[in-house]
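Letter by letter, the chains look like this.
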Amino acid sequence: MSPTLAVLALVAGYPVLAAFRESLFAEQSGLDSSGFVREGETFVGLQHYADIFRGEAGERFWNAFANTSFFTVTTVAAETVLGVAMALVMHHVVRGRGLVRASILVPWAIPTAVSALLWQWIFQADGVANALTGREILWTTDGSQAALAVIIADTWKTAPFVGLLVLAGLQLIPGEVYEAARVDGARAWQQFLRITLPLIRPVLLVAVLFRLLDALRMFDLPYVLVGARKESVETLSMLSFDEAANTRYGPAAAYAVILFLYVAATAFVFVKVLGADVLATDRPAKSGAFGARLLRRRSGSSAEVTA
C-alpha cells in the first residue's frame, strides 16, 4: 500500500498542510521604518481565522456557510429520491433498456460548466422555464429564485450518479429473494420496503456520502449559472476563490481550511452515525444472511403447500 499512500500524501496531504501554513501568514504592505516597501510574508497566527467570524467578513462567511449547508441538504435529498426512482426504472424496464439507461445517464456525462450554461439558457428571461410557468422570473439574478435554479440544475445533473450506484446494488439482489416474498404474499411496496431498501442500503449510503462530499464543495455550477458575489448562492468554495482572486491568499487559505474541516467532520459523522460501509467489508455477509432467511421462509412455505 505504500505507493498509494505516497500518492495520497503528495496530492492530498501536502496541499492541506500548505493551505494551513498559508493561512497563518499575511502579505506585508506599506513601508518599514527605513521607508522601504515591505515585501514577503509575515506570521499572523490565527488572525485570519478570527477575522472570519467577526464584522462584515463574518456576515459573509455565515451566509456562505448557510448557503453551502442548504444546497447540500436539499440537493442530496432530492437526488437520493430521484436516483432510487431512476435505478428502479432502469432495472425493471424490458424494451429499450439500453436507450433508457443512456438517456438517464446523459446529464451525469455533461461537464458541470456546460450544464450550467445550458440551464442558464433555460432560465433566461425568454427561456423555457418562464414559458412553462407563464411568468417572467429573473432566475439568474440574486434572490431565492437563483437558489432554486441552482438546486434544480444540480439535481438534474447528479441524480443519475445516485441512480447508477443504486442500479449496481439492485443487480446484485438475487431474484429468488423476491420469489420467496411473493410466495409469502408480500405486495410490491412491501417488497420494496422489506427487501429492496435493506439490501441496497450499503450502496445507497455510499452514494449519499459521495454526493454530500461533492455538494459541500459546490463551486462551478452556481458560479457559472448565477455568477460571483451573489449573496443568495455564494458558497464557501466561491468565497475562498473570490479571496484568492483578489490576492488575499491568507484569508482564502483560512476559508479553504475551514471548508476542509467541515467536509471531514460531515463525512466522519455520516459514517459513524449511519454506518456507511465505504469499504464494503460486511455487505456480502449481511446480504447473504438476509437472503438465506427469506429462502428458508420460502422453503417452509413450499413445504406447507406440498403438505
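Residues numbered from 1 in each chain as written. Predicted model: local features only at pLDDT ≥ 70, side-chain atom pairs only at ≥ 80, totals over all residues. Heavy atoms only, no water.

Observations concerning the pattern of salt bridges
Condition: Salt bridges are identified by distance alone: a Lys or Arg side-chain nitrogen within 4 Å of an Asp or Glu carboxyl oxygen. Elements are defined by DSSP. Helices are runs of H or I of four residues or more, strands are runs of E of two residues or more, and each kind is numbered from the N terminus.
Summed over all chains, the structure comprises 11 salt bridges. Across the pair arginine 211 and aspartate 214 runs a salt bridge whose closest N-O atoms are separated by 2.8 Å. With arginine 211 and aspartate 214 both in helix α9 (residues 188-216) and 3 residues apart, the pair spans about one turn of that helix. When salt bridges that share partners are traced, they join Arg60, Arg229, Glu234, Asp242, Glu243 and Arg248 into one network.

A few points about helix α5 (residues 112-122)
What counts here: Relative accessibility decides the category of a residue: with a 1.4 Å probe and only protein chains considered, values under 20% of the type maximum give buried, values over 50% give exposed, and everything between is partly exposed. Note that the arc is defined by the directions from the helix axis to the C-beta atoms. By the convention used here, residues are in contact when the closest approach between their heavy atoms is within 4.5 Å.
Those residues of α5 not exposed but buried are Ser115, Ala116 and Trp119. Buried residues of α5, seen end-on, are gathered within an arc of 100° and therefore sit on one face of the element. On its buried side, α5 packs onto α7 (144-170) and α10 (220-225).

Brief notes about the packing of aromatic side chains
The cut-off we apply is this: Two rings from Phe, Tyr or Trp (for Trp, the six-membered ring) form a pair when their centres are within 6.5 Å of each other. A pair whose planes differ by under 30 degrees is stacked, one over 60 is edge-to-face, and the rest are tilted.
If you walk through the whole model with that rule in mind, you get 16 aromatic pairs. Both rings, one in phenylalanine 61 and one in phenylalanine 65, keep their centres 6.1 Å apart while their planes meet at 35°; by these two values the pair is tilted. Linking phenylalanine 61 with phenylalanine 65, this pair stays in helix α3 (residues 55-92), spanning 4 residues, or about one helical turn. Here phenylalanine 61 falls in the buried class, since its relative accessible area comes to 2%.

Here we look at unusual backbone geometry
Of note in the backbone geometry, arginine 229 takes a positive phi value of approximately 55° without being a glycine. Position of arginine 229 among the secondary structure elements: in the loop between α10 and α11 (236-245). Positive phi, normally seen in glycine, also occurs at threonine 247, with a value near 60°. Here threonine 247 shows up in the loop between α11 and α12 (249-274).

Details of the packing of helix α4 (residues 97-109) against α7
Note the following rule: The convention used is that axes are lines fitted to C-alpha atoms, helices contributing only their stretch in contact, and that angles between N-to-C directions extend from 0 to 180 degrees. By definition in this entry, angles of less than 35 degrees are roughly parallel, angles greater than 145 are roughly antiparallel, angles of 65 to 115 are roughly perpendicular, and the rest are oblique. Crossing chirality is assigned from the near helix's rotation relative to the far helix, an anticlockwise turn below a right angle marking it left-handed and a clockwise turn marking it right-handed.
Where α4 contacts α7, the two axes come as close as 6 Å, and the packing angle between them is 130°. It follows that α4 is oblique to α7 by the angle criterion. α7 is crossed by α4, and the crossing has left-handed handedness. Contact residues: Arg101, Ile104, Leu105, Pro107 and Trp108 in α4; Trp156, Lys157, Thr158, Pro160, Phe161, Leu164 and Leu167 in α7.

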